[in-house]
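The chain contents come next:
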Amino acid sequence: MENDVPSNGTIEHISINNLENTILKCNKLQTFISSNDKTPSWDGEVFIYGSSKKIKSNLIGKANVQVKGKWRKDITKIVKEISYQISVDDLKNYKDNGGTIFFVVYCNYQNFSIFYTSLLPIDIEELLKNKEHQKSISVKLGLFPMDNSDEIFNVFYEFYENSKKQHQISHKIINNFSRGILDSERYNLVMSYSNLKLQTKEEMMKHILTHPTYSYIHDNELGIDSVYKKINFDTIVEECPEEICVDGKVLFNKLHYEYDKNGLSKIKIGKYIYLDIHNKKFHFSVAKTLLEQIKNLQYIEHVMQNNDNVIKIDNSKLMLSHDNIKKILFNLMDIQNALKKMHVKKDLVLEELTANEWNKLIAFSKSILYGEEIPYYIPDDGQIGIFECNNINLLISCERAHNGKYIIHDFFSSDSKCKNKEKIDEYLKWVSYGDYFDNFEINNVFSTIEALNKDGRANEAINDTVILLIINFDSSKNKNLLILGSRLLENILKTVEDTDSNYIYKINLLQIFKRQRNLTNEENIYLVDLKQRKKDKFCKICCDILLENYREAEIEIKTLSTKEKNDLGKLPIYKLYELETNDVSVKSQA
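Residues numbered from 1 in each chain as written. Predicted model: local features only at pLDDT ≥ 70, side-chain atom pairs only at ≥ 80, totals over all residues. Heavy atoms only, no water.

Participant: I'm lost on the overall build of the chain in this one. Help?
Facilitator: For the chain, the helix and strand inventory stands at 20 helices and 22 strands. Taken over the C-alpha trace, the chain has a radius of gyration of 39 Å; the compact-globule value for 590 residues is 25 Å, which it surpasses by more than 25%. In terms of overall dimensions, the chain has C-alpha extents of about 120 × 70 × 45 Å along its principal axes. Here the chain holds 590 residues, and the buried ones make up 46% of them. Intrachain contacts of the chain at a sequence separation of at least 6 include 58% that bridge at least 24 residues. In the chain, 79 side chains carry a positive charge and 84 a negative one; their mean positions are 2 Å apart. (Helix = DSSP H or I, 4+ residues; strand = E, 2+ residues; numbered from the N terminus. Rg over C-alpha atoms; globule rule 2.2 N^0.38 Å. Buried < 20%, exposed > 50% of the residue type's maximum accessible area, 1.4 Å probe, protein only. Contact = heavy atoms within 4.5 Å. Lys, Arg positive; Asp, Glu negative; His and termini not counted. Charge placed at Lys NZ, Arg CZ, Asp CG, Glu CD.)

See below:
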């Protein structure tokens, strides 16, 4: 008898009884589901109340339901999800009437399992996309929370709350929002979470991760919501301000706690380290920059102290012991200290460094810090070289050792032992290109030039270098170039007499100031006086440009010969005139 399959009517009756008995475990729900119901597309309704007292004043709303029964001889095997073919005509009816909760009940005479899906209008629209002409569509259903009365209530309550917002779907608003052309002050995206009785943060996280979230576009003027889309969250990341210190130094000032549907799954320390809570293992990946890698390894080394375990680098076959970590960290610290000694402010990018490049970096740092002799190729056996590594470019001087190797020095430093440094013209040539090099530090360069020009014989060469610094500033907008230029000229002006023959130093200083700020009254008076005293056309033109007497400057420029115009067009002071007047006639002749 038990092996006989009952009639469809009996199966439907058993299924509905099992479903109603399960729903009624929640005393705030009331079922009205009929067996052998002939109503198109629906089998009944479930009424939702605010309390166990089922009176009209406590009624919140109702949810339409559809129930399908399937006879199964064996229901002992645990199944978490099934698929079921639903008529397209039924789906269209559901969509036009606020949706339905669709149930499939697997049953026999002893046991049953209930599967369900909440088919809201936005869900149905997605199901029907490009399938409107099919007879039926396969839909996935998950296990119904049969033994949890709060969860049972939430299924119906959330369906009701979202259903009443989705009777009308505005495709225009959805499309305009997706394209970013809606007024952001009027419209904003909101997530719909019903007034659920969840006691803890962990319960809320679990609910969000195990249930779909419906997002709505809220119209702040009209106070209405338009459904946007359904979102299924796989993870939630919570950022918490927490200091992680090693030897009194703060390495990280926040942690990220990552939750999945099983609860807390990861604790992320920075960008490249995380603790897998489920497996109780640390994971570590190579950082993109030197400073990040040092910080990460300082933490990993601290964690691995007194621990013989090894740590695996993600996306790599490398397994590192505590001793390996210490050695790598020591080399990285040497590289960072060498760059710091050379006044490099950039963080070295480590991505895609080859083994050969790593070895060059380590050798470079040993030479800079400890004076170790290293093999280094210098073109034409010169003493100046460029050390390049990813995003770092350094100008170095190389001291040849007796064995043919070299000791590396910072070219721009005053203590560099490059013989060419004795020739200030050679040094100034590289200073004019200093913006290209990451060890170009203005205090360092200024001190070196000051030391090399104690007798003042290089004043004119320094002035020419300042002109090149100004030209480079106009291209790169690196303010340090102007700061260095002004310091060099101010230093010259302290040591020379303020004579008409030395006016060019002051003119160039004032054109630097003009790029930084408005000139002072005192500076303007100096220029007016200089213009009256000097008969030199170039001087008058420079004064007029700095005084913003562009019309007078234009008259003077027209009196210049072609060669003189060409020479003027190459000077950075003409850039100030050109920017204000848009006059490029001089440059077109240059």
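Participant: Explain the sheet that holds strand β10 (residues 224–231) to me, please; I cannot follow it from the model alone.
Facilitator: Neighbouring strands of a sheet are bound in pairs by backbone hydrogen bonds; such pairs are parallel or else antiparallel. One open sheet holds the three strands; their spatial order is β8-β9-β10, and the pairing between them is antiparallel. Two strands bound the open sheet, and with one partner strand each, they are β8 (187–192) and β10. Across this sheet, the average inter-strand angle for adjacent strands is 30 degrees, counted without regard to direction. Pairing of strand β9 (residues 213–219) with β10 involves seven bridges; the strand directions are antiparallel. (Pairing = 2+ DSSP bridges. Axes fitted to C-alpha atoms, helices over the stretch in contact; angles between N-to-C directions.)

Participant: Sorry, what's going on with the packing of aromatic side chains here?
Facilitator: The geometry of two aromatic rings is summed up by the distance between their centres and the angle between their planes. Tallying each qualifying case throughout the model produces 23 aromatic pairs. Grouped by ring-pair contacts, the aromatic residues F411, F412, Y427, W430, Y436, F437 and F440 constitute a single cluster. The ring of F387 carries the charged tip of K360 above its face, separated from the ring centre by 5.8 Å. The ring of F513 has R517 sitting right over it, with the charged end atom 4.5 Å from the ring centre. (Phe/Tyr/Trp six-rings, centres within 6.5 Å; stacked < 30°, edge-to-face > 60°. Lys NZ or Arg CZ within 6 Å of the ring centre and 35° of its normal.)

Participant: It is not clear to me how the state of the cysteines should be interpreted in this structure. Could you clarify?
Facilitator: As used in these notes, a disulfide is a covalent bond between sulfur atoms, one from each of two cysteines. One pass over the full model with this rule turns up zero disulfides. Between C240, a free cysteine, and C245, which holds the nearest cysteine sulfur, the sulfur-to-sulfur gap is 16 Å. Given a relative accessible area of 15%, C240 falls into the buried group. This cysteine, C542, is not joined by any disulfide, and C539 carries the nearest cysteine sulfur, 6.8 Å off. Overall, C542 belongs to the buried group, its relative accessible area being 8%. (Disulfide = S-S within 2.5 Å.)

Participant: What is the right way to read the pairing of β9 from this model?
Facilitator: On a regular strand, each side chain points to the face opposite its neighbour's, so the side chains alternate between the two faces of the sheet. Among the seven residues that make up β9, six are buried, leaving the element largely enclosed by the rest of the structure. As paired strands, β8 and β9 are joined by six bridges and run antiparallel to one another. Its bridge partner being in β9, L189 is matched across the sheet by I217.

Participant: Help me out: how do you make sense of unusual backbone geometry in this one?
Facilitator: Generally, phi is negative for residues other than glycine and the peptide bonds are trans, each holding for most cases. For D247, which is not glycine, the phi torsion reads 55 degrees and is therefore positive. Tracing the chain through its elements places D247 in the loop between β12 (244–246) and β13 (249–252). Classification of D247 as exposed rests on a relative accessible area of 78%. Despite not being glycine, H343 has its phi angle at roughly 65 degrees, a positive value. Tracing the chain through its elements places H343 in the loop between α8 (322–341) and α9 (355–370).

Participant: Would you mind showing me how to read the nonpolar core here?
Facilitator: Looking at soluble globular proteins, one finds that nonpolar side chains tend to be buried together. Formed by 55 residues in total, the largest nonpolar core has its most connected members in F412, I449, L484, I507 and L527. If one sorts the elements of this core by residue count, helix α14 (residues 503–516) sits on top with seven residues. For L484, the contacting residues outside a window of four places in its chain are V431, F440, I442, V445, F446 and L469. Grouped together as the second largest cluster of nonpolar side chains are 47 residues, L290, F364, Y376 and C389 included. (Core = buried A, V, L, I, M, F, W, Y, C linked by side-chain atoms within 4.5 Å.)

Participant: Please clarify how the pattern of salt bridges should be interpreted in this entry.
Facilitator: As a working rule, side chains carrying opposite charge can pair if their charged atoms are close by. This model, assessed by the stated rule, comprises 25 salt bridges. For K271, the salt bridge is made with E292, and the minimal N-O distance between the two is 3.6 Å. Note that K271 is positioned in the loop between β15 (263–269) and β16 (273–276) and E292 in helix α7 (residues 290–304), a separation of 21 residues in sequence. Under the relative-accessibility criterion, K271 is labelled exposed at 63%. A salt bridge links E426 to K429, with the nearest nitrogen and oxygen atoms 3.5 Å apart. With a gap of three residues between them, E426 and K429 both fall in helix α10 (residues 424–431), about one helical turn apart. The class of E426 is partly exposed, set by a relative accessible area of 23%. Look at K429 and you get partly exposed, because its relative accessible area is 40%. Ionic contacts of the salt-bridge type, sharing partners, join the residues R186, D219 and E221 into one network. (Salt bridge = Lys/Arg side-chain N within 4 Å of Asp/Glu carboxyl O.)

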